[in-house]
Structure formats: structure tokens, C-alpha cells
Amino acid sequence: MQFERKDILDIESLSAEEISFILDTADRMKEISKRPVKKVPTLRGKTVVLFFYEPSTRTRTSFEIAAKRLSADTLSISSGSSSMVKGETLVDTARNLEAMNPDVIIIRHYSAGAPHTLARLLKTTSIINAGDGMHEHPTQALLDLMTVREKKGYIRDLRIAIIGDISHSRVARSDIMGFTKMGAEVVLGGPLTMIPAGIESLGATVAGNSDDAVRGADVIIMLRIQKERQQSFLYPSDREYSKVFGLNPERLKKAKKDVLIMHPGPINRGVEISSEVADGPYSIILEQVTNGVSVRMALLFLVAGGVRNVNSD
Ligand code: CP
């Protein structure tokens, strides 16, 4: 197929064929990270700007590592260290960045749709969404898909349970769309106060309780409670949440014997997941992080490496 996208903004607009192509490219990128010299010249002379308005450990670091492994030049800007503190708008900031002719801007922003606004505005610079408000986190979903496909060999017909604060989770939205597009069944669990009305329209079903969500699952994705996005208290206490909704060894017994445990991070140990499960034999949480580098190398390569004009079979 030809991958001709200038920007990577969401999972919603990607086809299953495009997702498979990105995952295949990421699989090939992974080999580079295993070499003694983890660097190829593919993006030599390209400039990648990391523009993060919200905190990040995994996404920011892995994008920077990915860009450097492809020999791109990188620079980081945060809202606190930019002229935004003097009142400059996002649009003006982006226009000024574009005037310096970067090839890619990777943006994380607290407003849903901020990357889409920049993508429309900037005609030559590629935009990659590293998480926009409560909307989408497409690169997280792609690395989740890559990790499941790598471990299970396929995605179609797997039962994927996503449990936790669905309402405030951009990862949940991107994962639901990504896994359903690839033919998996997605079941949601968590407090009803944290499951938005109408979420079934994305293709998922809502389980009556956490045990039902976990029952028969091939993959369980646990989510952190996003206290920073909640307007009011949506559950009584961490202790109660852990008991009713958290993943512990007892609840895990209801899943399939070869279940995979995933979490986008950061983890709140003892709240949504116990340490025994997070560090246990079914956990592939750190493998997700490893694959985050490969997926982000693939995306940078596809939008900035000239692949938009290259045929592939
Ligand atoms: N999964 C994820 O987005 O983690 P960070 O917030 O650390 O980037």
C-alpha cells in the first residue's frame, strides 16, 4: 500500500489496512533497537520538535529516542519554558515554529483537537498527536496493538477488557477504536461514573461489573484514575476502588490462562492494579514501553522519511 498521510492525528481516521502497515513497519524498526549501534541514517537532516504541554515520561522519551535512532535532530519545548507563559497562543507558537522549517512537530496538549488545528494550519510540517485532552492517544493504541499482535500472533477475535476511568482516558478511546478496527471484541469495566454514556457507539460493550469484564479475557488493559481531569469525586476511596475494580491475583483467575496484562502507565500500584499482577508473569507492561520506541520510529519514518511517495507490498 501507499502511506501518504502528512499527519498522525487519531486512530479514528486510520483504516485497518493503514494500522497493519504501521505495525509491520514498527516490527521492522524493532530490529534497529537490538543492534550494538542503535542508529540508522534514515532521517538525517530532518528536524523533530517535541512540544509537550502536559507531563510525560514514556511518550516524550520514546519519541526522542525514536527520532535519534533514525538520526533526526530533536528539540524539546514545554509550555512553561516557551513564550506561551507570556500569553502567546498555540496557533502563533506553531506558526513561529513552522517558520524555522521543522519536519515534524509532536504535540501533547490538554485540549482535544489541538493537534488537528495545527495539522490544518501548517501546510508542510507533519503533526503527530502525542495525546490531546480526553480525546485520543493514537501512538499508545498503536504500541498496544503491536504488543498484542507480537505476543498472540493475531488480534482478530481476541477478547480485550479495558477497565478503569474510561471517561477521562484518551488511551481508552484510541484502544477501543484500534482493537475493534482490527477485529477484536472490546469489553469495558469500571465505575459507572467513569464510563461515558454512548461509549458503545465506538464498538465496545459495557460489562456489569469488573469480574464480568475480566471473565474469559485474552488481554486486560488497566487504566489509571485520572484525578487531574475529574471535576468531582467519582468514587469513595482508593481502598474501595481497589477492592471493587482493581486487578488482583484473585480477580485475574477469571481471565484466560494465557491472559496478557497491560497498562499504558503511569501505574498507581495498589489502586487499579496490585504489584503482584503488575510485576507478575502475565504482565507485558514494560514490553509495551519497549514497543513504544518501535512504533514511534515507524511513524516518524512514514511521515518524514519520504515513504509517503514510496510503494510497498
Ligand atoms: N502512556 C503514556 O502516555 O505515558 P506518559 O504520560 O508517561 O507519556
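Residues numbered from 1 in each chain as written. Predicted model: local features only at pLDDT ≥ 70, side-chain atom pairs only at ≥ 80, totals over all residues. Heavy atoms only, no water.

Trainee: So, the layout of surface pockets: which residues are in play, and what are the values?
Mentor: By volume, the largest pocket amounts to about 400 Å³. Where the lining of the largest pocket is concerned, the elements lending two or more residues are α2 (58-69) and α6 (170-181). Here the second largest pocket is characterised by a volume of approximately 180 Å³. If you go around the second largest pocket, you meet 14 residues; those closest to its centre are Pro-249, Leu-252, Lys-253, Val-259 and Tyr-282. Elements represented by at least two residues in the lining of the second largest pocket include exactly α9 (249-252) and α10 (275-278). (1 Å grid on protein atoms, 1.4 Å probe; cavity = no way out; pocket = protein on both sides within 12 Å on 5 of 7 lines; lining within 4 Å. Points joined across faces, edges and corners; volume = space filled by probe spheres on them. Helix = DSSP H or I, 4+ residues; strand = E, 2+ residues; numbered from the N terminus.)

Trainee: Any details on the sheet that holds strand β7 (residues 205-206)? Residues and values, ideally.
Mentor: Across the sheet, which stays open at both edges, the five strands sit in the order β7-β6-β5-β8-β9 with parallel pairing between neighbours. Lying at the two open borders of the sheet, with one neighbouring strand each, are β7 and β9 (260-262). Relative to strand β6 (residues 185-189), strand β5 (residues 159-163) runs parallel, the two sharing five bridges. The partner of Ile-160 across the bridge, within β6, is Val-186. (Pairing = 2+ DSSP bridges.)

Trainee: Lay out the side chain of Asn-129 in plain terms, naming residues and giving numbers.
Mentor: Assignment of secondary structure puts Asn-129 in strand β4 (residues 126-132). With a relative accessible area of 0%, Asn-129 lands in the buried category. Polar side-chain contacts of Asn-129 include one of 2.9 Å to the side chain of Asp-132. (Buried < 20%, exposed > 50% of the residue type's maximum accessible area, 1.4 Å probe, protein only. Polar contact = N/O pair within 3.5 Å; in protein donor to acceptor, adjacent residues only side chain to side chain.)

Trainee: A description of the confidence of the model for the protein should follow, citing residues and the corresponding values.
Mentor: Chain-level pLDDT for the protein is 94 on average; 96% of the residues reach the 70-or-more range. When the criterion is pLDDT under 50, residues 309-313 qualifies, and its contacts beyond four places in sequence or with other chains add up to six contacts. (pLDDT = per-residue confidence, 0-100. Contact = heavy atoms within 4.5 Å.)

Trainee: Provide a residue-level description of the site of the ligand, including the pertinent values.
Mentor: With respect to spatial proximity, the complete set of residues near the ligand consists of Ser-56, Thr-57, Arg-58, Thr-59, Arg-108, His-137, Gln-140, Pro-264 and Gly-265. Between the ligand and Arg-58, the relevant distance is 2.9 Å, taken from an oxygen atom to a main-chain nitrogen or oxygen of the residue. At 2.8 Å, a backbone N or O of Pro-264 approaches a nitrogen atom of the ligand. Protein coverage of the free-state accessible area of the ligand, which is 250 Å², stands at 91%. More than half of the atoms of the ligand fall within 2 Å of the grid points belonging to the largest pocket. (Near = heavy atom within 4 Å. Areas by Shrake-Rupley, 256 points an atom, 1.4 Å probe, with all protein chains shown as cover. Sits in = over half its atoms within 2 Å of the grid points.)

Trainee: Which residues make up the nonpolar core, and what values do they have?
Mentor: If you look at the biggest cluster of nonpolar residues, it comprises 63 residues, and the most contacted ones within it are Ile-106, Ile-128, Leu-142, Ile-160, Ile-162, Phe-179 and Leu-300. Of the residues forming this core, the biggest block, nine residues, is contributed by helix α11 (residues 285-304). Ignoring anything within four residues of it in the chain, the contact list for Ile-128 reads Ile-8, Phe-63, Val-104, Ile-105, Ile-106, Ile-107, Thr-139, Leu-299, Leu-300 and Val-303. Counting 18 residues, the second largest nonpolar core, distinct from the first, contains Ile-220, Ala-255, Ile-261 and Val-277. (Core = buried A, V, L, I, M, F, W, Y, C linked by side-chain atoms within 4.5 Å.)

Trainee: An account of the pattern of salt bridges is requested, with residue identities and associated values reported.
Mentor: In a structure, side chains of opposite charge can pair up when their charged atoms sit close to one another. Inspection of the entire model under this criterion finds 16 salt bridges. Notably, a salt bridge pairs Lys-30 with Glu-150, separated by 2.9 Å at the nearest N-O pair. Here Lys-30 is found in helix α1 (residues 16-30), whereas its partner Glu-150 is found in helix α5 (residues 138-152), with 120 residues between them in sequence. Of the residues examined, Lys-30 reaches a relative accessible area of 15% and is grouped as buried. Residues joined in a network through salt bridges with shared partners are Asp-24, Asp-27 and Arg-149. (Salt bridge = Lys/Arg side-chain N within 4 Å of Asp/Glu carboxyl O.)

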